[in-house]
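Summary of structural features
The residues making up each chain are set out below.
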Amino acid sequence: MNITLDHLPTRKRDQLQTAVEIIREQLQPDLIILFGSYARGDWVEVPEPGTPFYRYQSDFDLMLVVRNDHEVRRMRRKESIRKVLRGQVGTPVSLIYEDIHHVNACLAKARYFYVDIYKEGIVLHDNGKLKLDKPKELTSAERRVLAQEALEQYMTRADEFFVTYEVMRDRSAYATAAFLLHQACERLYCCILLVYTHYKPRTHDLEDLGDMVHAIDPRYLPVFPTGQPEEVRRFELLRDAYVDGRYDANYRITAEELAWLAERVQLLRALAEQHCPETIAGFVDRAE
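Given the structure is predicted, the values throughout are model-derived calculations rather than measurements. (Residues numbered from 1 in each chain as written. Predicted model: local features only at pLDDT ≥ 70, side-chain atom pairs only at ≥ 80, totals over all residues. Heavy atoms only, no water.)

1. Looking at the nonpolar core
Using the following cut-off: The criterion is simple. A nonpolar core is a set of buried Ala, Val, Leu, Ile, Met, Phe, Trp, Tyr and Cys residues joined through side-chain atoms within 4.5 Å. Relative accessibility thresholds used throughout: buried, under 20% of the residue-type maximum; exposed, over 50%; partly exposed, between the two (1.4 Å probe, protein chains only). Only DSSP runs of H or I covering at least 4 residues are called helices, and only runs of E covering at least 2 are called strands; the numbering of each starts at the N terminus. Should any heavy atoms of two residues lie within 4.5 Å, those residues are considered in contact.
If you look at the biggest cluster of nonpolar residues, it comprises 73 residues, and the most contacted ones within it are Met63, Phe113, Leu181, Ile192, Tyr220, Phe224 and Val265. For this core, the leading source of residues is helix H8 (residues 174-197), giving 16 residues. Non-local contacts of Phe224, meaning those with residues more than four positions away in its chain, are made with Cys185, Tyr189, Phe235, Leu238, Leu261, Arg264 and Val265. Judged by nonpolar contacts, the second largest core, of 25 residues, contains Leu5, Leu16, Leu34 and Val89.

Laid out in structure tokens, this is it:
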């Protein structure tokens, strides 16, 4: 793994140092690894015109590794750290909590989300107590087969959910429609992750899934912009729809909000339809 941040501007290195200090003080992880766009050097920041905010912006993607799942649960309970990081670090911070046994099991199974972190990640903190195993490598032919299967399966499921979303929308069953739109979006994010990395986490949280997708390919960042509070609020409506759209009698979403969100999900599909086949075609062994 890498240990240098020389490719980052001083401002970003200082922000990362602040983030690491906060995380070490509050969570005490054994390993902190920077991965994604800031590790590779292809991060994106697009300003929102006329405001001090960004239309969309790459996160610092950090994996925090500890010795067992009990420690993972301990870190996850400390939700207040996200608010602290938002207030003190000038760049958004996305955290993934992992135990070393799970990470090494994924490396042994050639889950390329973890393999790429192993290859491209930058160690920001290491107390020397844990060791990452050398990953197994799939052949490019194997990667292409698995990725193509995932693309076909998850695109089909996403389209099925979108069609049923339109049926419920036309019936003015807006809460149910929002849940179905959430499911279409979730399937698209999972499709992208499986194509690129041969891995998807066990979560229905669109923010977590989106953060992982953005970490592997910043071209998906424009799907849900964050430059305006109304855009953020509408995304939260979609994110909450997985539970509230089904079970909360007080959940409310308008036809206008649904239409805007449906446009964003359709943009996500269009980007996946473009970039996923490109990615699959790029799985080529050097000998091929």
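Still more ground to cover, so stick around.
2. Let's talk about the pairing of strand E3 (residues 54-57)
As a reminder, the rule being used: Any two strands are treated as partners once DSSP identifies two or more bridges connecting them.
One ladder, built from 3 bridges, connects strand E2 (residues 45-47) with E3; its direction is antiparallel. Considered in E3, the bridge of Pro47 is made with Tyr54.

3. With respect to the layout of surface pockets
Cut-off, in case you're wondering: Definitions used throughout: a 1 Å grid over protein atoms alone; a cavity as a set of points that fits a 1.4 Å probe which cannot get out; a pocket as an open set with protein on both sides within 12 Å along at least five of seven lines; a lining residue as one with an atom within 4 Å of a point. Grid points are joined across faces, edges and corners, and a volume is the space filled by probe spheres set on the points.
Size it by volume and the second largest pocket reaches roughly 440 Å³. Along its surface, the second largest pocket is lined by 25 residues, and Tyr112, Asp116, Glu120, Arg143 and Tyr196 are the ones closest to its centre. Elements that contribute at least two residues to the lining of the second largest pocket include exactly helix H2 (37-40), helix H6 (112-120), helix H7 (140-170), H8 and helix H9 (206-216). Counting residues per element, the lining of the second largest pocket draws most heavily on H6, which supplies 6 residues.

4. Some thoughts on empty space enclosed by the protein
Picture a little ball the size of a water molecule; that probe, rolled over the atoms, points out where space is still empty. Keep this limit in mind: The classification used treats Ala, Val, Leu, Ile, Met, Phe, Trp, Tyr, Cys and Pro as nonpolar, Asp, Glu, Lys and Arg as charged, and all other residues, Gly among them, as polar.
By the definition in use, this model includes 2 cavities of 30 Å³ or more. Contributing to the lining of the largest cavity are Ser37, Gln57, Ser58, Asp59, Asp61, Asp211, His214, Ala215 and Leu221. Among the elements that line the lining of the largest cavity, the one with the most residues is H9, at 3 residues. Residue composition of the lining of the largest cavity, grouped by class: 2 nonpolar, 4 polar and 3 charged. The volume enclosed by the second largest cavity comes to roughly 40 Å³. Around the second largest cavity sit Leu138, Arg143, Leu146, Ala147, Leu194, Val195, Tyr196, Thr197, His198 and Phe283, which together line it. Breaking the lining of the second largest cavity down by element, the ones donating at least two residues are H7 and H8. For the lining of the second largest cavity, the leading source of residues is H8, giving 4 residues.

5. Digging into the packing of helix H10 (residues 229-247) against helix H11 (residues 255-281)
Where we set the bar: Axis definition: a line fitted to C-alpha atoms, over the contacting stretch in the case of helices. Angles run 0 to 180 degrees between N-to-C directions. Working rule for angles: under 35 degrees goes down as roughly parallel, over 145 as roughly antiparallel, 65 to 115 as roughly perpendicular, anything else as oblique.
Where H10 contacts H11, the two axes come as close as 10 Å, and the packing angle between them is 85 degrees. Between H10 and H11, the angle falls in the class roughly perpendicular. Two secondary-structure elements touch here, H10 through Glu230, Glu231, Arg233, Arg234, Phe235, Leu237 and Leu238 and H11 through Glu256, Glu257, Trp260, Leu261 and Val265. Among the residues forming the contact of H10 with H11, the class breakdown is 6 nonpolar, no polar and 6 charged.

6. Some thoughts on helix H3 (residues 69-77)
Two residues of an α-helix separated by three or four positions point the same way, owing to the 3.6 residues in each turn. For clarity, the cut-off: Picture the helix axis, draw a direction to every C-beta atom, and the arc is the one those directions span.
Three or more residues of H3 are buried, namely Glu71, Val72 and Met75. Relative to the axis of H3, the buried residues are bounded by an arc of 105 degrees and lie together on one face. Elements that come into contact with the buried residues of H3 comprise helix H1 (10-27), strand E4 (60-66) and strand E5 (93-99).

7. Topic: the side chain of Ser94
Going by this rule: Polar contacts here mean pairs of N or O atoms no more than 3.5 Å apart (in protein, one a potential hydrogen donor and the other a potential acceptor; neighbouring residues in sequence count only if both atoms are side-chain atoms).
With respect to the element layout, Ser94 can be found in strand E5. When its relative accessible area of 7% is taken as the criterion, Ser94 is described as buried. A distance of 3.3 Å separates the side chain of Ser94 from the side chain of Asp211, its partner in a polar contact. Excluding anything up to four places from it in sequence, Ser94 contacts Asp59, Phe60, Asp61, Leu62 and Asp211.

8. Section: unusual backbone geometry
Note on backbone geometry: most residues besides glycine have negative phi, and most peptide bonds are trans. For Ala110, which is not glycine, the phi dihedral falls at a positive 60 degrees. For Ala110, the position within the fold is in the loop between helix H5 (100-108) and H6. Ala110 sits in the buried class, given a relative accessible area of 0%. With phi around 65 degrees, Ser172 is a residue other than glycine that occupies positive phi space. Structurally, the position occupied by Ser172 is in the loop between H7 and H8. Residue class for Ser172 comes out partly exposed when judged on its relative accessible area of 49%.

9. Let's talk about the pattern of salt bridges
Quick note on the threshold: Here, a salt bridge means any side-chain nitrogen of Lys or Arg that lies within 4 Å of a carboxyl oxygen of Asp or Glu.
Applying the stated criterion across every chain yields a total of 24 salt bridges. For the salt bridge of Glu137 with Lys119, the shortest nitrogen-to-oxygen distance reads 2.9 Å. Here Lys119 lies in helix H6 and Glu137 lies in the loop between strand E6 (122-126) and H7, a separation of 18 residues in the sequence. Under the relative-accessibility criterion, Glu137 is labelled partly exposed at 41%.

The analysis is restricted to geometry; functional conclusions fall outside its scope.
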